[in-house]
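Remarks on the overall topology
Here are the chains, one letter per residue:
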Amino acid sequence: MTSRWSRRRPQSPSPPDGKRAFVCLNLVNKIAVLTIDGQKVTYDKALDIPAAVTPYNIDITPDGKYAIASNTGAQKNNADAEVIIEAEGPHPHVIDIMTPGIGPEGFTISPNGQWAVTALLLGTTAKPDDWFKTRGGELVVMSIGSGGKLTVTGRAALGAVPEGIAISPNSEYAYVGNYADKDLQVFQITNGKPVQVGPNLKLPGQPASMRGVAR
């Protein structure tokens, strides 16, 4: 196997081989590791990875080096965790934890591997008389740096109960569906800063999820 570092220059990581998958075990606060061999899929419980509180969404960087699990179980006005996992090697494991804010339910990684983007619920799902109730959520853009480190680069206001989120194939636009408001917001990402493009787009129903082009 080629060493990560060459005497001449750093080597680019190999593309993922499609032989491993990660699954959120929501109720037990862990990430399962699946091994894929053609049509055969196996699960080794010994490889379970701790994932803070209630992992809800997970995505993998395009180079297959990192998996990032977004947790939503802190509840009320408590900040939730993004758990960064080293996805390569025989024993995937947590290498870093950070928080973008409260309730990062919708989560995705851009096709170019530069950005991780999440939609914070904040207090939009709270009862009207709860002290932490908010009218809208918040979009958070994070850069993915060395060692998979996440750093917040920009934020923008969202509507009520933002859940679905997707990134354009060229990694320049983020799309967020606001479940309670029945609409869609479009943002252009410039140097890590999200700027809304045009007015909110009304939808015929409540957008609960969204998916971009498969990598």
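Notes on the structure in this doc start here. Note that the structure is predicted; figures quoted are calculated from it, not measured.

Focus: the overall build of the protein
Looking only at helices and strands, the protein features 0 helices and 17 strands. A compact globule built from 215 residues would reach a C-alpha radius of gyration of about 17 Å, and the protein, at 18 Å, matches this within 12%. Counting only C-alpha atoms and orienting by the principal axes, one finds that the protein spans roughly 55 × 35 × 30 Å. Within the span of the protein, comprising 215 residues, buried residues form 43% of the whole. Put simply, 42% of the contacts in the protein that link residues at least 6 apart link residues at least 24 apart. If you sum the accessible surface of the protein, you get close to 11,700 Å²; carbon and sulfur atoms cover 53% of it. A gap of 4 Å separates the mean positions of the 21 positive and 19 negative side-chain charges of the protein.

Overview of unusual backbone geometry
Negative phi characterises most residues that are not glycine, and trans characterises most peptide bonds. Residues other than glycine seldom take positive phi values, yet Asn29 does so here, at roughly 60°. Turning to its location among the elements, Asn29 is positioned in the loop between β1 (20-25) and β2 (30-37). For Asn29, a relative accessible area of 28% translates into the label partly exposed. Of note, the phi angle at Lys76 is positive, near 50°, even though the residue is not glycine.

Description of the sheet that holds strand β6 (residues 66-71)
An order of β5-β6-β7-β8 is seen for the 4 strands of this open sheet, with the pairing classed as antiparallel. Among the strands making up the open sheet, the edge pair consists of β5 (55-60) and β8 (93-101). In this sheet, adjacent strand axes meet at a mean angle of 20° when their direction is disregarded. Judged from the 6 bridges that link them, strand β7 (residues 80-86) and β8 form a sheet pairing that is antiparallel. Directly across from Val83, in β8, lies its bridge partner Ile97.

Scoring rules and cut-offs
Residues numbered from 1 in each chain as written. Predicted model: local features only at pLDDT ≥ 70, side-chain atom pairs only at ≥ 80, totals over all residues. Heavy atoms only, no water. Helix = DSSP H or I, 4+ residues; strand = E, 2+ residues; numbered from the N terminus. Rg over C-alpha atoms; globule rule 2.2 N^0.38 Å. Buried < 20%, exposed > 50% of the residue type's maximum accessible area, 1.4 Å probe, protein only. Contact = heavy atoms within 4.5 Å. Areas by Shrake-Rupley, 256 points an atom, 1.4 Å probe, with all protein chains shown as cover. Lys, Arg positive; Asp, Glu negative; His and termini not counted. Charge placed at Lys NZ, Arg CZ, Asp CG, Glu CD. Pairing = 2+ DSSP bridges. Axes fitted to C-alpha atoms, helices over the stretch in contact; angles between N-to-C directions.

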